[in-house]
Amino acid sequence: MPNKVEEFNAYRQKMNDKLLSNDNKVIKRIFNLDTNAFKEGHLSVKTKELLGLVASAVLRCDDCIQYHLETAYKNGVTKEEMMESMSIATLVGGTIVIPHLRRAYEYWEVLEENDL
């Protein structure tokens, strides 16, 4: 039985494949821009993922939060770094971010349990 991370990634991949198969130039360019923006540059990938995590939390996008949590985890972000970043997101976004903080913490625990 797939776990929460596997289900999220399978759905994300399936839908991304469908979206990109429509050969929409704007959608493809947005996906390409996103991919390139998070590559190593003057800022490390780790830093960029934490920035993406904070922005996603402030915008209250659970899918985006999950994506950035997993990518951050895979790039060596510690639980302490994640929580410090999420504390900034909660400060900037306000208490409305707290439900997303809860789900982010829960998702991080799944990542740790599965050591993904």
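Above this text sits the structure in question.
Here goes a summary of the coordinates provided. Being a predicted model, the structure only gives us computed values, none of them experimental.

Let's shift gears to the nonpolar core. Here is a general trend for soluble globular proteins: nonpolar side chains tend to be buried in one another's company. Among the nonpolar cores identified, the biggest contains 20 residues, and Leu53, Leu69, Met82, Trp108 and Leu111 are the most heavily contacted of them. Those elements giving two or more residues to this core turn out to be helix 1 (4-21), helix 3 (45-58), helix 4 (62-74), helix 5 (79-93) and helix 6 (98-114). For this core, the element with the highest residue contribution is helix 6, accounting for 5 residues.

Compared with an ideal rise of 1.5 Å per residue, which puts 13 residues at 18 Å, helix 2 (residues 25-37) spans 18 Å between its outermost C-alpha atoms and is within 8% of the ideal. You can read the cap of helix 2 off the contacts: a side-chain oxygen lies 3.0 Å from the backbone nitrogen of Val26, and it is on Asn24.

Before going further, it helps to examine a nonpolar patch on the surface. Judged by side-chain polarity, Leu19, Val26, Ile27 and Ile30 come together as a nonpolar surface patch covering roughly 330 Å² of accessible area. The element that contributes the greatest number of residues to the nonpolar patch is helix 2, accounting for 3 residues. If you trace the backbone, Ile27 turns up in helix 2. Residue classification places Ile27 among the partly exposed positions, given a relative accessible area of 32%.

Criteria and thresholds
Residues numbered from 1 in each chain as written. Predicted model: local features only at pLDDT ≥ 70, side-chain atom pairs only at ≥ 80, totals over all residues. Heavy atoms only, no water. Core = buried A, V, L, I, M, F, W, Y, C linked by side-chain atoms within 4.5 Å. Buried < 20%, exposed > 50% of the residue type's maximum accessible area, 1.4 Å probe, protein only. Helix = DSSP H or I, 4+ residues; strand = E, 2+ residues; numbered from the N terminus. Expected span 1.5 Å × (residues − 1). Polar contact = N/O pair within 3.5 Å; in protein donor to acceptor, adjacent residues only side chain to side chain. Patch = residues over 30% accessible without salt bridge, like charges linked within 9 Å, V, L, I, M, F, W, Y side chains within 5 Å. Areas by Shrake-Rupley, 256 points an atom, 1.4 Å probe, with all protein chains shown as cover. Salt bridge = Lys/Arg side-chain N within 4 Å of Asp/Glu carboxyl O.

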